[in-house]
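Summary of structural features
Below, each chain spelled out in residue letters.
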Amino acid sequence: MKSLSQHELQVFEDGDTIFREGEESSEMFVLRSGKVEILKDVGGHQVRLAILERGSFFGEMSLLEGLPRSATARAIGKATLLVLRPGSLLIQIRRDPTFAFELLQQMSGRIRDLNDKLVFKLAAAEFGNRLARSTFTINASSEFSSGRDVTAAEK
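Residues numbered from 1 in each chain as written. Predicted model: local features only at pLDDT ≥ 70, side-chain atom pairs only at ≥ 80, totals over all residues. Heavy atoms only, no water.

What about the overall build of the chain?
On a plain count of helices and strands, the chain comes out with three helices and six strands. Ordering the α and β elements of the chain from the N terminus gives β-β-β-β-β-α-β-α-α. Here the chain has roughly 10400 Å² of accessible surface; of this, 57% comes from carbon and sulfur atoms. (Helix = DSSP H or I, 4+ residues; strand = E, 2+ residues; numbered from the N terminus. Areas by Shrake-Rupley, 256 points an atom, 1.4 Å probe, with all protein chains shown as cover.)

Below, the structure written as C-alpha cells:
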C-alpha cells in the first residue's frame, strides 16, 4: 500500500484492543508497522480469522457500510496504524486513485480466499452427507436381504 501522509497515526501496544466486535465506529485502518489479529466471537470463544501485516488494511466494512464492527482487532506487538475516516478516505482516493485500486485488489483477494474456504467446507460437508447416506443404505439393505424382521424397539 502506498505511503499515506497527513493522516492521523495511532500506536497500540501488544495485546491492545483496537476495536471490539459490535462497537459502533466508522474508521478504517492501514497497518504501517507491526501486526494485528482479527478475532470473531463464536459461541463465546475467540476464533482468529486473520493476522495482518504491514500494508494491510482493516475496518473497512464499518466505514463503508455504517454497520457495527463484525470482528475484534487486537495488536500483536507494537502496531502503528494510519486512521482513515469517511472524509479522509475520499480525499485519499481523489489524491491517489491507485490507492483505491490497491484497496480493491486486497478486498478481491480476501473474497477469493473466503470462496476457496467455503467451497472446501461445502465439499467436505457433501462428502460427509454422501458417506452417511451410503452407510445408511448399506445397513438398511443388509437388514432387508438377511430377511431379519426389525422390531419397533430396534428402530
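Thoughts on the side chain of arginine 69
Tracing the sequence through the fold places arginine 69 in the loop between helix H1 (60-65) and strand E6 (72-84). For arginine 69, a relative accessible area of 4% corresponds to the buried category. With residues up to four places along the chain from it excluded, the contact list for arginine 69 reads Phe19, Arg20, Glu21, Gly22, Glu23, Ser25, Ser26, Glu27, Phe29, Gly59 and Ser62. (Buried < 20%, exposed > 50% of the residue type's maximum accessible area, 1.4 Å probe, protein only. Contact = heavy atoms within 4.5 Å.)

Some points on the nonpolar core
Counting 15 residues, the largest nonpolar core has Ile18, Phe29, Val36, Ile38, Phe58, Ala73 and Leu81 as the members making the most contacts within it. Of all the secondary-structure elements, those providing two or more residues to this core are strand E2 (17-19), strand E3 (28-42) and E6. Ignoring anything within four residues of it in the chain, the contact list for valine 36 reads Ile18, Leu31, Ala50, Ile51, Leu52, Phe58, Ala73, Arg74, Ile76, Ala79 and Leu81. Counting nine residues, the second largest nonpolar core, distinct from the first, contains Val30, Phe57, Leu63 and Leu103. (Core = buried A, V, L, I, M, F, W, Y, C linked by side-chain atoms within 4.5 Å.)

Looking at the packing of aromatic side chains
Under the criterion given, the structure shown has three aromatic pairs. The interplanar angle of 25° and the centroid separation of 6.0 Å between the aromatic rings of phenylalanine 19 and phenylalanine 29 together place this pair among those described as stacked. Taken as a pair, phenylalanine 19 in strand E2 and phenylalanine 29 in strand E3 lie far apart in primary sequence, 10 residues in all. With centroids separated by 5.9 Å and ring planes inclined at 40°, the aromatic side chains of phenylalanine 19 and phenylalanine 58 adopt a geometry described as tilted. (Phe/Tyr/Trp six-rings, centres within 6.5 Å; stacked < 30°, edge-to-face > 60°.)

Overview of the layout of surface pockets
Roughly 690 Å³ of volume is contained in the largest pocket. Forming the boundary of the largest pocket are 21 residues, of which Ile38, Leu49, Glu60, Met61 and Arg110 lie nearest the centre. For the lining of the largest pocket, the secondary structure elements donating two or more residues are E3, strand E4 (45-52), H1 and helix H3 (97-145). By residue number, the principal contributor to the lining of the largest pocket is H3, which donates six residues. Of the residues that constitute the lining of the largest pocket, the class distribution is 11 nonpolar, three polar and seven charged. (1 Å grid on protein atoms, 1.4 Å probe; cavity = no way out; pocket = protein on both sides within 12 Å on 5 of 7 lines; lining within 4 Å. Points joined across faces, edges and corners; volume = space filled by probe spheres on them. Nonpolar A, V, L, I, M, F, W, Y, C, P; charged D, E, K, R; others polar.)

Concerning the pattern of salt bridges
A full pass over the atoms with the stated rule returns eight salt bridges. In this structure, the salt-bridge partner of glutamate 8 is arginine 85, at a minimum N-O distance of 2.8 Å. Of the two residues, glutamate 8 is situated in strand E1 (residues 8-12) and arginine 85 in the loop between E6 and helix H2 (86-95); the sequence distance between them amounts to 77 residues. Here glutamate 8 falls in the partly exposed class, since its relative accessible area comes to 34%. For arginine 85, a relative accessible area of 35% puts it in the partly exposed group. (Salt bridge = Lys/Arg side-chain N within 4 Å of Asp/Glu carboxyl O.)

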